Amino acid sequence: MEQSTPPEISPEHAFVTTDLSKVYGEGAAAVHALRGVDLEIPAGELVVLLGPSGSGKSTLLNILGGIDRASSGRAFFKGDELTAMNDRQLTAYRRRHVGFVFQFYNLMPSLTALENVDLVAEIAIAPMSSMEALDMVGLKNRATHFPSELSGGEQQRVAIARAIAKNPTVLFCDEPTGALDSTTGVGVLKALQDLNTRLGTTTLIITHAAATAAMADRVIHFADGQIREVVKNDYKASPDDISW
Ligand SMILES: Nc1ncnc2c1ncn2[C@@H]1O[C@H](COP(=O)(O)OP(=O)(O)OP(=O)(O)O)[C@@H](O)[C@H]1O
């Protein structure tokens, strides 16, 4: 049988993409969201994706997260080809390996913080306890509070606890601080950096806050559906030390 994994893909890579492209729509209405993206993301890194609105960041995240499909090119997760998976395989990949955090927290208003985290922990394969997940984001003492009793930053930290409770291999964050003021945003970024260090979860963060780049291992600059530059940081700043 033909070997489907290119030899350059090693287990140290969480993701590798080759010539990855995505076109939405057809003909004159076609939008080229990704135009031949070649990317390597080492496992365990905290990666920040920067770029103008519409440059393709969310499209890349959604393809790597198994919630959208590429039009051409290939994407691999630890040697498994995402772009060759059927719907059932992609669902299994998401369920087993992927945590998502979005700009709006999407918490159930009628459930407490702990119950919101429980929702995901209950269907995960190897979850940590919901209380442990809340503890990791500094909210153990707010477990019985409802979302309406929590600040925006606290609600986002509950959403992060919900995403990490399933012990994901990769955590995708699309504008996690987009709805927060800068002080509150720092608390959320600190929680993400802390989790990355403690759990070793490969973490991809899309943000418009360019200063956030200083807290990453690697910064990917996007423009017009392509990677313009990849910068590897020698030193990772604490979100506390980033000026906004
Ligand atoms: N479902 C869709 N149908 C048609 N076009 C789409 C769809 N999703 C995204 N696009 C287009 O693809 C391009 C890339 O969008 P994408 O959301 O990936 O950009 P982005 O860099 O994440 O932007 P932002 O920072 O504003 O979230 C944009 O031109 C967008 O309008």
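You'll find the structure just up there.
All figures in this text were calculated on a predicted structure; none of them were measured in a lab.

Caption draft 1: Expanded view of the packing of helix H5 (residues 152-164) against helix H6 (residues 182-199). Packing of H5 against H6 leaves a shortest axis separation of 8 Å and a crossing angle of 20°. Taken as axis vectors, H5 and H6 run roughly parallel relative to one another. As for how H5 packs across H6, the hand of that crossing is right-handed. Residues Gly152, Gly153, Gln156, Arg157, Ile160 and Ile164 of H5 pack against Thr184, Gly187, Val188, Ala191, Leu192, Leu195 and Leu199 of H6. A breakdown of the residues in the contact of H5 with H6 according to their chemical character gives seven nonpolar, five polar and one charged.

Caption draft 2: Fine view of the sheet that holds strand S3 (residues 46-50). As summarised here, the arrangement of the six strands in space is S6-S7-S8-S3-S9-S10, forming an open sheet in which the pairing is mixed. Across the chains shown, the open sheet's two edge strands, defined by having one partner strand only, are strand S6 (98-102) and strand S10 (226-232). Taking the axes of each pair of neighbouring strands and ignoring which way they run, one obtains an average angle of 15° across the sheet. Each of S3, strand S7 (170-174), strand S8 (202-206) and strand S9 (218-223) touches helix H1 (residues 57-64); the most contacted strand, S8, lies at about 150° to it.

Caption draft 3: Examining the environment of Ala126 more closely. Here Ala126 lies in the loop between helix H3 (113-121) and helix H4 (130-136). Note on Ala126: 7 C-beta atoms within 10 Å, which makes it exposed. Separated by 14 residues in the primary sequence, Ala126 and Thr112 have C-alpha atoms spaced 22 Å apart.

Caption draft 4: Looking closely at the site of the ligand. In the vicinity of the ligand, the residues found are Tyr24, Gly25, Val31, Ala33, Gly51, Ser53, Gly54, Ser55, Gly56, Lys57, Ser58 and Thr59. Considering every element that reaches the shell around the ligand, the biggest residue donor is H1, with three residues. A breakdown of the residues in the shell around the ligand according to their chemical character gives three nonpolar, eight polar and one charged.

Conventions we followed
- Residues numbered from 1 in each chain as written.
- Predicted model: local features only at pLDDT ≥ 70, side-chain atom pairs only at ≥ 80, totals over all residues.
- Axes fitted to C-alpha atoms, helices over the stretch in contact; angles between N-to-C directions.
- Helix = DSSP H or I, 4+ residues; strand = E, 2+ residues; numbered from the N terminus.
- Parallel < 35°, antiparallel > 145°, perpendicular 65-115°, else oblique.
- Left-handed = near helix turned anticlockwise from the far one by under 90°.
- Contact = placed C-beta atoms within 7 Å.
- Nonpolar A, V, L, I, M, F, W, Y, C, P; charged D, E, K, R; others polar.
- Pairing = 2+ DSSP bridges.
- Buried ≥ 20, exposed ≤ 12 C-beta atoms within 10 Å, placed from the backbone.
- Near = placed C-beta within 6 Å.

By themselves, these figures tell us nothing about what the structure is for.
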